[in-house]
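Residues per chain, in single letters:
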Amino acid sequence: MSKPCSKCKGEMLLSILDPFHGEQGGLKLSVHEMPSLICTQGHKRFIHIEFAAQLMDLVMSPETYRDIPVAVKKGLFKKRYHCPGCDLELPESPTGHKTQELAAELGKAQPFKLVVDMPVFRCGGCGKESIHSVEETGKLAFKATDHAYRSIDIHPS
Ligand SMILES: [Zn+2]
Ligand SMILES: [Zn+2]
C-alpha cells in the first residue's frame, strides 16, 4: 500500500495517465501512458520520489539525441552554427521540426513513452537538418517537461 494522498488523505492507486504536454522555445514534449498514483479526488503523485528527476535526466541526456545530427559551433563571442554535412552556415531561426520518440524505463516502473518534437535548422546548401547543440535541445526539453508536470498538477509527495 502506498501512503495516502497528502492533500485529502484519500487512498492512492496506481494508474496510467492520459497523454500530457509541455512546450518551451518551440520544442514540444508529450508524455504517454506514464504510471502515476492518483487518489479518488484526482490528486496526482509520482510513483516514487526520484521519478521526476529521473525523467528530467532522460530528456537532458546526450544519449537521448544521439541519432540527431548536430551543428558545428563556431565563433567565440557570437555563436554561429554550421551544417555538419557541408559546413555552410545554418539559418538563425528554426526551419522545421523533427520528432524523436523515447522509451522511458525508470526503475521498476512500467515502461512508457515520450515524444519530443524539436526545432531543427535546415541547411540551405545540402538540405540536411540538424539541431544547434544537444545541450540547447536538452535544456528546452527539461523546461518543457517541467511545464508538462505543472499542466497536470503532479507532485513528488
Ligand atoms: Zn487526494
Ligand atoms: Zn549542408
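Residues numbered from 1 in each chain as written. Chains lettered and ligands numbered in written order. Predicted model: local features only at pLDDT ≥ 70, side-chain atom pairs only at ≥ 80, totals over all residues.

Novice: Which parts of the structure should I look at to understand the overall build of the chain?
Specialist: Secondary structure assignment for the chain yields two helices and 11 strands. If you list the helices and strands of the chain from N to C, you get β-β-β-β-β-α-β-β-β-β-β-α-β. Principal-axis analysis of the C-alpha atoms places the extent of the chain at approximately 60 × 25 × 25 Å. A total of 157 residues make up the chain; the buried ones form 25% of that total. Here the contacts in the chain between residues at least 6 apart in sequence split such that 65% fall between residues at least 24 apart. (Helix = DSSP H or I, 4+ residues; strand = E, 2+ residues; numbered from the N terminus. Buried ≥ 20, exposed ≤ 12 C-beta atoms within 10 Å, placed from the backbone. Contact = placed C-beta atoms within 7 Å.)

Novice: How do you make sense of the packing of helix H1 (residues 51-60) against helix H2 (residues 134-152) when you look at a structure like this?
Specialist: To describe two helices that pack against each other, one gives the angle between their axes and the distance between the axes. Between H1 and H2, the least distance of the axes is 8 Å, while the angle of their chain directions is 150°. For the pair H1 and H2, the sense of crossing is right-handed. When H1 is examined against H2, the residues Ala52, Leu55, Met56, Val59 and Met60 are found in contact with a partner set consisting of Gly138, Ala141, Phe142, Thr145 and Tyr149. Residue classes in the contact of H1 with H2 are distributed as eight nonpolar, two polar and no charged. (Axes fitted to C-alpha atoms, helices over the stretch in contact; angles between N-to-C directions. Left-handed = near helix turned anticlockwise from the far one by under 90°. Nonpolar A, V, L, I, M, F, W, Y, C, P; charged D, E, K, R; others polar.)

Novice: Hey, could you run me through the confidence of the model for the chain in this one?
Specialist: Detailed reading of the predicted coordinates is not advisable wherever pLDDT falls low. Residues with a pLDDT of 70 or more make up 99% of the chain, whose mean pLDDT is 94. Mean pLDDT values over the elements of the chain span from 92, in H1, up to 98, in strand E2 (residues 20-24). (pLDDT = per-residue confidence, 0-100.)

Novice: For this particular structure, what's the right way to read H2?
Specialist: Residues separated by three or four positions in an α-helix point in the same direction, a consequence of the helix having 3.6 residues per turn. With 19 residues, H2 extends 27 Å between its outermost C-alpha atoms, agreeing within 8% with the 27 Å of an ideal straight helix rising 1.5 Å per residue. Buried-residue contacts for H2 involve E2, strand E3 (27-32), H1 and strand E9 (112-122). Looking one or two residues beyond H2, the residue adopting positive phi is Asp153, at roughly 55°. (Expected span 1.5 Å × (residues − 1).)

Novice: Just to check I follow, could you spell out the sheet that holds strand E4 (residues 35-38) for this structure?
Specialist: Each strand in a sheet pairs with another by means of backbone hydrogen bonds, the pair being arranged parallel or else antiparallel. Taken together, four strands build an open sheet; the order of strands is E1-E4-E5-E11 and the sheet is mixed. Looking along the sheet, the strands with just one partner apiece sit at the ends: strand E1 (13-16) and strand E11 (154-155). With two bridges connecting them, E4 and strand E5 (residues 44-45) associate as antiparallel partners. The partner of Ile38 across the bridge, within E5, is Lys44. (Pairing = 2+ DSSP bridges.)

Novice: Looking at this model, I keep getting lost on unusual backbone geometry. Mind explaining?
Specialist: Backbone geometry follows two general trends: most residues other than glycine have a negative phi, and most peptide bonds adopt the trans configuration. Despite not being glycine, Glu33 has its phi angle at roughly 60°, a positive value. Locating Glu33 in the fold gives a position in the loop between E3 and E4. Even without being glycine, Asp87 reaches a positive phi, approximately 75°. Locating Asp87 in the fold gives a position in the loop between strand E7 (80-82) and strand E8 (96-104).

Novice: Please clarify how the nonpolar core should be interpreted in this entry.
Specialist: Nonpolar side chains tend toward joint burial in soluble globular proteins. Core analysis: the largest hydrophobic core is formed by 29 residues, its most contacted members being Leu27, Leu29, Leu114, Val116 and Ala141. At the level of elements, E3, H1, E8, E9 and H2 are the ones that each hand at least two residues to this core. In terms of residues, this core owes the most to one element, E9, which gives six residues. With sequence-adjacent residues up to four places away left out, Val116 is seen in contact with Leu27, Leu29, Gln100, Leu102 and Ala141. (Core = buried A, V, L, I, M, F, W, Y, C linked by C-beta atoms within 7 Å.)

Novice: Can you help me understand the environment of Ile131 in this one?
Specialist: Inspection of the secondary structure assignment puts Ile131 in the loop between strand E10 (129-130) and H2. The spacing of Ile131 and Leu90 is 41 residues in sequence and 9.9 Å in space, taken between C-alpha atoms. In contact with Ile131, other than residues within four places in its own chain, are Tyr65, Ile68, Val70, Ala71, Met118, Val120 and Thr137.

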